[in-house]
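Letter by letter, the chains look like this.
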Amino acid sequence: MGEGSGFGKVILFGEHFVVHGIPGIVSAIDSTNEAIVKRTGTETVVRDERKTAKGYSQEKQKQQLESIDRMLKAMGVDPKTTFEIQIGGTLPGFSGLGASAASSVAIARAIAQELGMKMSDERTNDVAYEGEKAYAGTPSGIDNTAATFGGLLWFKKNMTGGPNLIERLRISEPIDIIIGSTGIVANTKAMVEGVANRKRGNPEKYGLLFDQAGELAILAKKALLRFELGEVGRLMNENHRLLQEIGVSHDALDDLVKIARKNGAYGAKLTGGGGGGCMMALTPGRDLQKKVAEAIEKKGYEVLRTRIGVEKT
Ligand code: PMV
């Protein structure tokens, strides 16, 4: 039997823009996906026992099997080897929290252990990236990087195929956040393709928006390192506006963002692929976190209370 684990994540700055080489900031959260893997003689079966948004597993099932197939190829495993794979853990299957990447990392680690293969984190990250392609088409790699390494990271995709830039950011102390789920399952692959198509159709407008996203990420990195949380929140609000402009927000996400800001969050934005999925709000201090979480729950949305910037969460 092999076991493995992968971190969930929130993208603080730069989702979608990172796919095109703009830098972004991501943090692992203290929720994980775990996998237990056993070799079987018949066919590969997946038992997904995660708490999910309605319809999540069904929607993702095909992509999940393709993802496992891709990872086995990347690991050089004989394609005739079949496994029983059980997925669980505290990370819910809400779109936007990197659940696909967290489970890919967990599965890759568990398979390696079951087969007695030694796999470094770097190699695990590469294998999980192959798996992510089934879910995201042309992923940036930010999700699997956070799922593999944990912590708070600066990330820039290498657009010429070389290694991505990954820098660990150390902040004074972890920051409380809340994650609000719209309950709507989103298709990251379709969202990523949509942005690429609109960018191709309107290069001038998108060029400007992408430049702004890059500048914003640089300012956000400085503000985080100086622990200027008011500024971080303001920049998150700006980031949400840019994401609205590239067409990846959703009425429910805008609603959640509005409730969070009205209740004192320092900043709020959609996180991940958008089009449903999740939003995040910066709510330092347990009292503020509670206030914002309860206001959102009162409107019927599910909330995850967590923290960013926890070292090796
Ligand atoms: O929705 P998620 O958790 O799969 O996050 C997707 C993040 C994107 O930036 C939209 C895609 C990517 O590969 O970076």
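For the structure itself, look to the data block above.
(A) Quick peek at the pattern of salt bridges. Inspection of every chain in the model, using the stated rule, returns 19 salt bridges. The shortest N-O distance in the salt bridge between E167 and K221 comes to 3.1 Å. A residue pair is termed long-range when its members are at least 10 positions apart, and E167 in strand β6 (residues 165-168) and K221 in helix α6 (residues 203-225) qualify at 54 residues. One connected set of salt bridges, linked through shared partners, spans E66, R70, E130 and K133.

(B) Molecular detail of the layout of surface pockets. Volume-wise, the largest pocket comes out at about 320 Å³. Taken together, 16 residues line the largest pocket, and the ones lying closest to its centre are D126, Y129, G162, P163 and N164. Mapped by element, the contributors of at least two residues to the lining of the largest pocket are α3 (121-136) and α4 (142-149). The greatest single-element share of the lining of the largest pocket, amounting to four residues, is contributed by α3. Looking at the lining of the largest pocket residue by residue, the class counts come to four nonpolar, nine polar and three charged. Together, T44, L65, I68, D69, L72, K73, V77, P79, T81 and T82 line the second largest pocket. With five residues, helix α1 (residues 56-75) is the largest single contributor of residues to the lining of the second largest pocket.

(C) Here's a closer look at the sheet that holds strand β9 (residues 278-282). Taken in spatial order, the four strands line up as β8-β9-β7-β10 in an open sheet, and their pairing is antiparallel. Looking at the sheet topology across the chains shown, the edges are occupied by β8 (267-271) and β10 (302-308). Sheet twist, expressed as the mean angle between neighbouring strand axes with direction ignored, is 25 degrees. Where strand β7 (residues 175-181) and β9 come together, five bridges link them in antiparallel fashion. Within β9, the residue paired with G180 across the bridge is M279. Sheet strands touched by helix α9 (residues 286-298): β7, β9 and β10. Its angle to β10, the strand with the most contacts, is close to 155 degrees.

(D) Structural context of the site of the ligand. Neighbouring the ligand are 17 residues, the closest being K9, H16, G98, S140 and G273. Note that an oxygen atom of the ligand is positioned 3.2 Å from one of the backbone N or O atoms of G98. Here an oxygen atom of the ligand and a side-chain polar atom of S140 are 2.5 Å apart. Considering the ligand on its own, with 380 Å² of exposed area, one finds that the protein chains cover 96% of that surface. Sorting the residues of the shell around the ligand by element identifies β1 (2-13), α4 and α5 (188-201) as the ones contributing at least two each.

(E) Inspection of the packing of helix α8 (residues 251-262) against α9 at higher detail. In contact at an axis separation of 9 Å, α8 and α9 are set at 140 degrees when each is read in the N-to-C sense. Between α8 and α9, the angle falls in the class oblique. Crossing handedness for the pair α8 and α9: right-handed. Between α8, through L256, I259 and A260, and α9, the contact on the second element is made entirely by V292, A295 and I296. Classifying every residue of the contact of α8 with α9 by side-chain character gives six nonpolar, no polar and no charged.

(F) Spotlight on the pairing of β1. With respect to burial, β1 is a largely interior element, ten of its twelve residues being buried. Pairing of β1 with strand β2 (residues 24-40), which is carried by eleven bridges, proceeds in the antiparallel orientation. Residue pairing in the sheet places V10 in a bridge with S27 of β2.

(G) Expanded view of α9. For α9, with 13 residues, the first-to-last C-alpha span of 18 Å sits near the 18 Å given by 1.5 Å per residue. Looking at α9, one finds that the buried residues are L288, Q289, V292, A293, A295 and I296. Seen along its axis, α9 keeps its buried residues to an arc of 160 degrees; they face one direction. Residues R286, D287 and K298 are exposed on α9 and point more than 90 degrees away from its buried face. As for α9, its buried residues are in contact with β7, α8, β9 and β10.

Thresholds applied
Residues numbered from 1 in each chain as written. Predicted model: local features only at pLDDT ≥ 70, side-chain atom pairs only at ≥ 80, totals over all residues. Heavy atoms only, no water. Salt bridge = Lys/Arg side-chain N within 4 Å of Asp/Glu carboxyl O. Helix = DSSP H or I, 4+ residues; strand = E, 2+ residues; numbered from the N terminus. 1 Å grid on protein atoms, 1.4 Å probe; cavity = no way out; pocket = protein on both sides within 12 Å on 5 of 7 lines; lining within 4 Å. Points joined across faces, edges and corners; volume = space filled by probe spheres on them. Nonpolar A, V, L, I, M, F, W, Y, C, P; charged D, E, K, R; others polar. Pairing = 2+ DSSP bridges. Axes fitted to C-alpha atoms, helices over the stretch in contact; angles between N-to-C directions. Contact = heavy atoms within 4.5 Å. Near = heavy atom within 4 Å. Polar contact = N/O pair within 3.5 Å; in protein donor to acceptor, adjacent residues only side chain to side chain. Areas by Shrake-Rupley, 256 points an atom, 1.4 Å probe, with all protein chains shown as cover. Parallel < 35°, antiparallel > 145°, perpendicular 65-115°, else oblique. Left-handed = near helix turned anticlockwise from the far one by under 90°. Buried < 20%, exposed > 50% of the residue type's maximum accessible area, 1.4 Å probe, protein only. Expected span 1.5 Å × (residues − 1). Arc of directions from axis to C-beta.

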